[in-house]
Amino acid sequence: MTSQRVRLGVLGLALLSGFATPTAASATPTAGSAASAAPSPTVEEQRLDRAAPQEILRRSGFDALAPRLARALDSARSYGEGRRAVAREGARLWQRAVDRAQGRGPSGGDVSRDDDRPLYWARLGMTREVRTWEPAFGLTDGQRAALLDELERASRGQDAIRYPQGKSLKRILLTGFDPFTLDRDIRISNPSGATALALDGTVIETADGPARIETAVFPVRWQDFTEGTVERTLRPHLPKVDLFTTVSQGRVGRFDIERTNGAWRGGFADNDTVGRTETVPVSDPASQPQWTTTTLPHAAIVAARTGRFPVYDNTSVTEIPAGGSQPVVRPDGPTPGSTARAGGGGDYLSNEIAYRATLLRDRLGLHDTLPGGHVHTPVLQFGTGNTTEITDPEFVRNRLDIIAQVRTILKVAAETS
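Residues numbered from 1 in each chain as written. Predicted model: local features only at pLDDT ≥ 70, side-chain atom pairs only at ≥ 80, totals over all residues. Heavy atoms only, no water.

Draft legend 1. Seen up close, helix α6 (residues 117–131). With 15 residues, α6 extends 21 Å from end C-alpha to end C-alpha; this agrees with the ideal 21 Å at 1.5 Å per step. Among the 15 residues that make up α6, 15 are buried, leaving the element largely enclosed by the rest of the structure. (Helix = DSSP H or I, 4+ residues; strand = E, 2+ residues; numbered from the N terminus. Expected span 1.5 Å × (residues − 1). Buried < 20%, exposed > 50% of the residue type's maximum accessible area, 1.4 Å probe, protein only.)

Quick look at the structure:
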């Protein structure tokens, strides 16, 4: 039995520019009893055929991974075989990206090993293969959605968080993000994702003994957060770890330890050019607070010499005061009874992952015992004058310095918590 695949070519730049305005979120596919036609690639997947992503894949050796999944799907004779292929290739992608970042195995090309972009673009190639797969035995919408979910979780390390047994080892959990704002610059890398790859499974020596770091990466898409990807990934682990931090790219030239997180989405377009302006949707909204706070040892982190970038304790928020109607910036944090309009980390998905993770911490009864919060890294910048090349020495140096400084911040946090 053979399969037929739908393969779509490059959309023109004019069509891509037409997606630049945030749109309403599309409906989530539901399971049905009959096979459905394969959907078109997403806006995010459509960027894959542009020159820079193809160059990144080619120069890292990750250009072979989506075709390998395609061949496995083509030979699948049942949904179960297809699902096993997706799970296997997704896990291989994550492990290959981690191994490459940590110097194991062949580099596959001349793109520096610390680069997170091969993982991102290879994953999109693989999700596009699954999304456009039309096997002879047919797929329901629900089955296709399950395959995509399996691939996302496996290729992001979300289902590979495991710590050794025993009490002599501290446990640290760190999360990063995909690249974003790709319609501004398709070459963009995200240092938080690069940090997750560089630190996954590594051990740091602290004054109190060794600490094991496990990591996962999250998409820059509102819908995934609405569907609970953060809580599903973190809930099994927060009661067992000694420290957690969500990490994202923030401001130019500085780190920030975000003191307060707000329950508000500000509408900025995600990687599928979808915008959301609303209260962060969580379970049990009747008990949902407007604000959550970090329990990271922010004073100790700011005071320590962790690297070449300055580190700030960011206490600013934007709120609508109790009884008011207009947003007000509060440099020293929210006032009683106020409504959130931006946490210290803004009103985008970096604020939201911090809000969701710390709210989960609190709902698990861990506020007073589990240090956790959000770290914003500096913006990762290309070298002066580089407006076309996918990499340069300053770009690599900046990313390596950010990774090293996050590692030191974790060490300080572990020693002072």
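Draft legend 2. Region of interest: the sheet that holds strand β13 (residues 317–320). With respect to topology, three strands assemble into an open sheet ordered β14-β13-β15, the strand pairing being antiparallel. Every interior strand has two partners, whereas the edge strands, β14 (328–330) and β15 (339–342), have only one. Each strand axis lies, on average, 45° off the axis of its neighbour in the sheet, ignoring direction. (Pairing = 2+ DSSP bridges. Axes fitted to C-alpha atoms, helices over the stretch in contact; angles between N-to-C directions.)

Draft legend 3. Main features of empty space enclosed by the protein. Inspection of the entire model under this criterion finds two cavities of 30 Å³ or more. If you add up the space inside the largest cavity, you get close to 40 Å³. Asp 116, Leu 119, Tyr 120, Arg 123, Phe 177, Asp 178, Pro 179, Gly 193, Leu 197 and Val 217 are the residues that line the largest cavity. Counting residues per element, the ones that place at least two in the lining of the largest cavity are α6 and α8 (191–199). The residue makeup of the lining of the largest cavity, split by class, is six nonpolar, one polar and three charged. Taken as a whole, the second largest cavity spans an internal volume of roughly 30 Å³. Surrounding the second largest cavity, Phe 62, Ala 97, Arg 100, Arg 113, Asp 115, Pro 118, Leu 119 and Leu 197 form its lining. Counting only elements with at least two residues in the lining of the second largest cavity, the list comes to α5 (79–101) and α6. (1 Å grid on protein atoms, 1.4 Å probe; cavity = no way out; pocket = protein on both sides within 12 Å on 5 of 7 lines; lining within 4 Å. Points joined across faces, edges and corners; volume = space filled by probe spheres on them. Nonpolar A, V, L, I, M, F, W, Y, C, P; charged D, E, K, R; others polar.)

Draft legend 4. View of the side chain of Asp 116. Within the secondary structure, Asp 116 sits in the loop between α5 and α6. Of the side chains with opposite charge, Arg 399 comes closest to the buried, unpaired Asp 116, at an N-O distance of 4.1 Å. A distance of 2.4 Å separates a polar atom in the side chain of Asp 116 from a polar atom in the side chain of Ser 189. When neighbours within four sequence positions are excluded, Asp 116 is seen to be in contact with Pro 179, Ser 189, Asn 190, Gly 193, Ala 194, Leu 197 and Arg 399. (Lys, Arg positive; Asp, Glu negative; His and termini not counted. Salt bridge = Lys/Arg side-chain N within 4 Å of Asp/Glu carboxyl O. Polar contact = N/O pair within 3.5 Å; in protein donor to acceptor, adjacent residues only side chain to side chain. Contact = heavy atoms within 4.5 Å.)

Draft legend 5. Fine view of the layout of surface pockets. Quantified by volume, the second largest pocket comes out at close to 360 Å³. Residue lining of the second largest pocket: 20 residues in total, with Phe 180, Thr 181, Gln 249, Gly 250 and Tyr 348 positioned closest to the centre. Of the residues belonging to the lining of the second largest pocket, the class tally is seven nonpolar, nine polar and four charged.

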